[in-house]
Every structure is written in C-alpha cells, then in structure tokens.
Amino acid sequence: MLKIPFAVAAFGFVFAIPLDAQKVHVDVLSPPQSAWADTAPSVSSAGLLADGAMRDLLANGFPARLHYRLERWASGRWFDDLKAAFEWDVILKYDVLGKKYQVVRVVNNHPESLGEYSTADAADDAVEAPFRAGISLPKKGQRGYYNLLLDVETLSLSDLDEVNRWLKGELKPAVKGEKNPGTAVGRGLRTLVVRLLGGEKRHYEARSGTFRP
C-alpha cells in the first residue's frame, strides 16, 4: 500500500504537514463554533485524482473508488471514545465510447448520480466538492473532534462488468466491497495488471479542531 502523508484540518484550514509534492488536500470543514450541536461538518478534497497515473487508468476505463469514513470522537482524560461513524463511496468512471466521465455517490447502498462530464477536471470538481456527512451530532457539553479516513483505489478489471451494471441501476458486490470467491484467481491477476499500470490504494486522513458544543 502506498502511504501518503495525512493532512490535518481544523475549521477548514490545512495545517503544518506539507502535501505540496502531491498537491493533495483533504479537509474536514467544521461548522461555526456555535453550531457544533446542530450542524455536521462537510468534507472536501483537492488533487486526489490529478496525477498522471490515475488519469491514464481512468482514460482507459478503470474506475476509481473513493471510500470515506468520518468518525466522531469524544475526548476523555485518559482515552478518547469513538461515538459515531458515517461511511460513503464515490465512484468515478470514464465511458470510453460516450467520452463522458460518470460520477456517482453511494450512501447506505443507495447510488446517486452526480452527473456526467466531458473533461477530467470537471469530473474531479464533482468528486471533490464539499459534502455534508450524515453523522450523528454531539450532545451539549461533549468535548470531541471529527476524524476523516479516506481510501482512494483503482478498481481491478474483474470489477468492471459489475461497476457497469451497477451504474445502470443494479448495485453489485464490487461497489459494496464484497467479492465473488469463484473469481479469486482471475481477480488477483487483473489486480496485478492494475498495479503494474500504476494503480494502488492511497490512504489519507484529516482531523477537525477540538470542539465543545
């Protein structure tokens, strides 16, 4: 797994850990201090899909999946306690014949189209636009913070048919992260092809500032 240094975000600003070499930013956009108990944070990013290897894979029909997990932690004197978590996926796929990028968000196994785009930059903007997570909110007086985990991966060739059917309205195991054991050998070989082409899972993290609503 290729490890990318994580960005620490507080109230929408990225702090000291540099990502200039990758030009990647992952942010937890916090609500105003007075709204912590009423409003969930938004998540945004930039540069996740901009490198040449990822663009080449997308242009050749390999979908990209971004899996988000936003956690809400309560700060304790000795240990922090995980209070809530919310997960979702964003799928980006290039339709080679139609010459359009398709972007879909999946929340609780329900796909929602975010549109079709003629350029990779426009598709990236749709993927990385701020999204308000549906996570449960903290109680009044509960000191804590939000932590975001994000994995970006290029799906293997064995997932392509499943993703194509899913984009037409049928949710398949590849999107949910489940695999058919009967295709393990072929899947392994095709995953190797993707990695030889430069595809790999990349991991990012971001954290909000500490709050007390």
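Anything mentioned here points back to the structure above.
Values in this document were obtained by computation on a predicted structure and should not be read as measured data.

Peer 1: Can you break down the pattern of salt bridges residue by residue, with the values?
Peer 2: Considering all chains together, one arrives at eight salt bridges under this definition. D51 is paired through a salt bridge with R202; the nearest N and O atoms lie 2.7 Å apart. Here D51 is found in the loop between β5 (42-46) and α1 (52-59), whereas its partner R202 is found in strand β12 (residues 202-207), with 151 residues between them in sequence. Its relative accessible area of 24% is what places D51 among the partly exposed residues. The partner of R65 in a salt bridge is E153, with the nearest N and O atoms 2.8 Å apart. Within this pair, whereas R65 is found in strand β6 (residues 64-74), its partner E153 is found in strand β11 (residues 144-154), the two being separated by 88 residues in sequence. Take R65 and E153: they sit in the same class, and that class is buried. Taken together, the salt bridges that share partners define one network made up of R55, D121 and D124.

Peer 1: Lay out the sheet that holds strand β4 (residues 25-29) with the relevant residues and their values.
Peer 2: Across the sheet, which stays open at both edges, the three strands sit in the order β4-β5-β10 with antiparallel pairing between neighbours. Each edge of the open sheet is held by one strand with a lone partner, namely β4 and β10 (131-132). As paired strands, β4 and β5 are joined by five bridges and run antiparallel to one another. Bridge pairing in β5 links V26 to S45.

Rules and cut-offs
- Residues numbered from 1 in each chain as written.
- Predicted model: local features only at pLDDT ≥ 70, side-chain atom pairs only at ≥ 80, totals over all residues.
- Heavy atoms only, no water.
- Salt bridge = Lys/Arg side-chain N within 4 Å of Asp/Glu carboxyl O.
- Helix = DSSP H or I, 4+ residues; strand = E, 2+ residues; numbered from the N terminus.
- Buried < 20%, exposed > 50% of the residue type's maximum accessible area, 1.4 Å probe, protein only.
- Pairing = 2+ DSSP bridges.

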